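Chain by chain, the residues:
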Amino acid sequence: MATTLPNPSPQQAPIAEPVVVFDNVCIRFDAKPVLENLSFSVDRGEQLIILGPAGTGKSVLLKLVDGLLEPDSGSIHVFGENITAMRETDRFKLRSRIGMVFQESALFDSLNVEDNVAYRLNEERADPAESHRRVEEVLNFVSLPTAISKFPSELSGGMRRRVSIARAIITTPDLILYDSPTGGLDPITSTTIVELIVKQRDVSHTTALLITHRLQDAFTLATNRWNVEENKMEPIPNGGIDDSTRFLVLNEGRIVYLGNTRDLVHSEDPWIQQYLA
Amino acid sequence: MPFVSPEVFAKEKISAIQDYSVLAGRAVANIFSRPRYWADIFTQMDSIGFGSLPIVVLTGFFTGCVLALQSATSLEEFGAVSMTGNLVALSMVKELGPVLTGLMVSGRNASGMASEIGSMKVTEQLDAMRALGTDPIRKLVTPRVGATVFMLFFLTILSDAVGIAGGALVSVLLLGLNASSYFHNSYRALVYADVVQGLTKPLFFGFIIASVGCYFGMNTKGGTQGVGRATTQAVVISSVFIIVVDFLISRTMIGIFGR
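Not measured: the values here are computed from a predicted model.

## A few points about the overall build of chain A
So, step 1. When helices and strands are tallied, chain A shows 10 helices and 12 strands.
So, step 2. Taken over C-alpha atoms, the radius of gyration comes to 18 Å for chain A, in line with the 19 Å a tight globule of 277 residues would show.
So, step 3. Principal-axis analysis of the C-alpha atoms gives chain A an extent of 55 × 50 × 40 Å.
So, step 4. Across the 277 residues that make up chain A, the buried fraction comes to 43%.
So, step 5. Considering only contacts in chain A between residues 6 or more positions apart, those separated by 24 or more positions represent 65%.

## Concerning the overall build of chain B
So, step 1. If you tally the helices and strands in chain B, you get 9 helices and 0 strands.
So, step 2. The helix and strand sequence of chain B, counted from the amino end, reads α-α-α-α-α-α-α-α-α.
So, step 3. In terms of overall dimensions, chain B has a C-alpha envelope of 65 × 45 × 35 Å along the principal axes.
So, step 4. Burial status across chain B gives 45% buried among its 259 residues.
So, step 5. Once local pairs closer than 6 in sequence are excluded, the contacts in chain B between residues at least 24 apart make up 88%.

## With respect to helix α2 (residues 38-50) of chain B
Residue pairs three or four apart in sequence face the same way in an α-helix, which turns once every 3.6 residues.
Residue and element names in this part refer to chain B.
So, step 1. In this model α2 runs 17 Å from its N-terminal to its C-terminal C-alpha over 13 residues, within 8% of the 18 Å that 1.5 Å per residue would give.
So, step 2. Buried residues of α2: Gln44, Ile48 and Gly49, and no others. Projected onto a plane normal to the axis of α2, the buried residues spread over an arc of 105 degrees and lie on a single side. Counted as exposed and oriented over 90 degrees from the buried face of α2: Ala39, Phe42, Asp46 and Phe50.
So, step 3. Residues of α2 that are buried in the fold lie against α4 (84-122) and α6 (136-173).

## Some remarks on the pairing of strand β10 (residues 232-235) of chain A
All names here are of chain A.
So, step 1. Where strand β9 (residues 224-227) lies against β10, 4 bridges are found, and the strand directions are antiparallel. Pairing of asparagine 227 across the sheet is with lysine 232, part of β10.
So, step 2. What sits between β9 and β10 in their antiparallel hairpin is a turn of 4 residues, with asparagine 231 showing a positive phi close to 55 degrees.

## Considerations on the nonpolar core
Across soluble globular proteins, you tend to see nonpolar side chains buried next to one another.
So, step 1. Counting 130 residues, the largest nonpolar core has Ile50, Ala166, Leu177 and Leu209 of chain A as its most contacted members.
So, step 2. Examining the composition of this core, we find that 15 residues originate from one element, α4 of chain B, more than from any other.
So, step 3. In this structure, leucine 209 of chain A is in contact with Val20, Val42, Leu48, Ile50, Leu62, Val65 and Leu177 of chain A, ignoring residues within four places of it in sequence.

## Some points on the pairing of strand β3 (residues 47-51) of chain A
Residues and elements named next belong to chain A.
So, step 1. Of all the 5 residues making up β3, 5 are buried; the element is thus mostly covered by neighbouring parts of the structure.
So, step 2. Where burial is concerned, the two faces of β3 agree: the one with Gln47, Ile49 and Leu51 and the one with Leu48 and Ile50 are both buried.
So, step 3. Taken together, the 4 bridges between β3 and strand β8 (residues 207-211) define a ladder with parallel strand orientation. Among the inter-strand pairings, leucine 48 is bridged to a residue of β8, identified as leucine 209.
So, step 4. In the sheet, β3 pairs with strand β11 (residues 245-251) via 5 bridges, with the strands oriented parallel. Across the sheet, the residue bridging to isoleucine 49 is phenylalanine 247, located in β11.

## What to know about the packing of α6 of chain B against helix α7 (residues 179-189) of chain B
Residue and element names in this part refer to chain B.
So, step 1. Across the interface, α6 lies against α7 with an axial gap of 9 Å and an inter-helix angle of 145 degrees. Considering the relative orientation of α6 and α7, their crossing is right-handed. Contacts from Ile164, Ala168, Ser171 and Val172 of α6 reach α7 at Ala179, Tyr182, Phe183 and Ser186.
So, step 2. Of the residues assigned to the contact of α6 with α7, the class counts are 6 nonpolar, 2 polar and no charged.

## Examining the sheet that holds β11 of chain A
Residues and elements named next belong to chain A.
So, step 1. The strand order β6-β7-β8-β3-β11-β12 describes an open sheet built from 6 strands, whose pairing is mixed. Two strands close off the open sheet at either side, each with one partner strand: β6 (98-101) and β12 (254-260). Ignoring strand direction, the axes of neighbouring strands in this sheet form an average angle of 15 degrees.

## Details of helix α9 (residues 223-257) of chain B
Residue and element names in this part refer to chain B.
So, step 1. For α9, built from 35 residues, the straight-helix expectation of 51 Å at 1.5 Å per residue is met to within 8% by its first-to-last C-alpha distance of 49 Å.
So, step 2. Within the sequence span of α9, burial applies to Val227, Ala230, Thr231, Ala234, Val235, Ile237, Ser238, Phe241 and Ile242.
So, step 3. Elements in contact with the buried residues of α9: α4 and α8 (192-218).
So, step 4. Two residues or fewer after α9 comes glycine 258, characterised by a positive phi angle close to 80 degrees.

## Remarks on the confidence of the model for chain A
So, step 1. Put simply, chain A has an average pLDDT of 88, and 94% of its residues get 70 or more.
So, step 2. With pLDDT under 50 throughout, residues 1-14 of chain A is counted as low confidence; its partners more than four residues away or in other chains account for 29 contacts.

## Observations regarding the environment of glutamate 268 of chain A
So, step 1. Relative to the helices and strands, glutamate 268 of chain A is located in the loop between α9 (261-265) and α10 (270-276).
So, step 2. Measuring from C-alpha to C-alpha, the distance between glutamate 268 of chain A and glycine 239 of chain A comes to 21 Å, with 29 residues separating the pair along the chain.

## Re the sheet that holds strand β4 (residues 73-78) of chain A
Residue and element names in this part refer to chain A.
So, step 1. An order of β2-β1-β4-β5 is seen for the 4 strands of this open sheet, with the pairing classed as antiparallel. Of all the strands in the sheet, the pair left with one neighbour each is β2 (32-42) and β5 (81-82).
So, step 2. Sheet analysis places strand β1 (residues 20-29) next to β2, joined by 7 bridges and oriented antiparallel. Residue pairing across strands places isoleucine 27 opposite leucine 35, the latter belonging to β2.
So, step 3. The sheet strands contacting helix α1 (residues 58-65) are β1, β2 and β4, and the helix crosses β1 at an angle near 125 degrees.

Scoring rules and cut-offs
Residues numbered from 1 in each chain as written. Chains lettered and ligands numbered in written order. Predicted model: local features only at pLDDT ≥ 70, side-chain atom pairs only at ≥ 80, totals over all residues. Helix = DSSP H or I, 4+ residues; strand = E, 2+ residues; numbered from the N terminus. Rg over C-alpha atoms; globule rule 2.2 N^0.38 Å. Buried ≥ 20, exposed ≤ 12 C-beta atoms within 10 Å, placed from the backbone. Contact = placed C-beta atoms within 7 Å. Expected span 1.5 Å × (residues − 1). Arc of directions from axis to C-beta. Pairing = 2+ DSSP bridges. Core = buried A, V, L, I, M, F, W, Y, C linked by C-beta atoms within 7 Å. Axes fitted to C-alpha atoms, helices over the stretch in contact; angles between N-to-C directions. Left-handed = near helix turned anticlockwise from the far one by under 90°. Nonpolar A, V, L, I, M, F, W, Y, C, P; charged D, E, K, R; others polar. pLDDT = per-residue confidence, 0-100.

This is the structure we're talking about:
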């Protein structure tokens, strides 16, 4: 881990206002309910870890937050704006404040790493020199400075995931959505990705929603912090837990748990106990 | 293939027509607003136009050749072999040039568009594009529609020209006709209405090829198998569309110009 990104200044929305608010959201595909009556909110600077069995609607939830899918009923407010009532053209503006890391990275395979990472800057017609500088900075952040001219097909799964994170954070978004960032990766690479997420959380204090299937990664995120002086991840002393981390557990499209780490591990709900075991 | 009730089937088809209409409408509307992706338009022009040159030239040339060969047999019965040039020119300019060029470009490019955009769809690249603030219709569909309409127009002119040249080659070398007479008759056979009809068609065909190819690409479902299915559907539907629209344009043009 080389350099760190500067801490972005908080923007626009007042501190008290939640960044994401779901109000009674339902969505179904082909008459099959995927998410039912989902209501929750995510505050500024908070990290919400979304857990649940496969096929329970976690990725759908994240796409709803970014306006990539529309709910059948209910409303979703992001940065105080009702994204469900917006036209697609207006959503593009809102998405400039949101970074998203896709499950399979979703890098543009016809573009090299630099063009992938700088995609948003290039679309905004940013100065090429400035754009190149920021790409180098952000690739240093994800420890991939040498991959700048490579194509996605030349990268390993873990490297693609790191490029995807770099692409999501290059514009220092106010909200980051991680869709299974460690899915399908070996434990060592997963730890590298988790370190990056902790670093992004503790250095930039960005609000984040994160899906993971690996409980180990989820609890690593909740029990570790980024040591800026030593530039490495370390456990929070005395068995401490990160206060900004909360958990949302989904099962069959419904919320079965929403709360902090301590209450989750001490939950007496038999299904949660079985899931965590 | 699973059976569905007529009601579900009808709803699916109407929904598909609605989705296609919305996509086509937005692709056209994007031409009149910023941002415009000129680099993508020129890349597509190169890929669709220059890339289709070999098949269009070969198809046009040999169609002209075989047209001269076949028509001479019939014309001989009336002692009118010298009219071969008329027949080849009229057939190529009004019908075969636009339609065969459309079908060839459809086979090559509608499939390419459906598979390229379909692959992006199944690997979430389209979602990533939207998440990064870019409208995929503006970035991917509009440049393809514009480039195909523009390039098909000139490819058709080229196909007509090499078709008439192919007819000339057969007429002179195999049928023993005079080259000057052949070209003179070809030129005299064509009037303004024929040329207008022949050059109006590629504008519609180009739009059909690109919009249908992109529609099936953007609506790909079901992984790599879905990409294959989208590719096949794009070629089949755009080819059928071209033939149907060809009939409609011909009827309209005959109604307007009287020939």
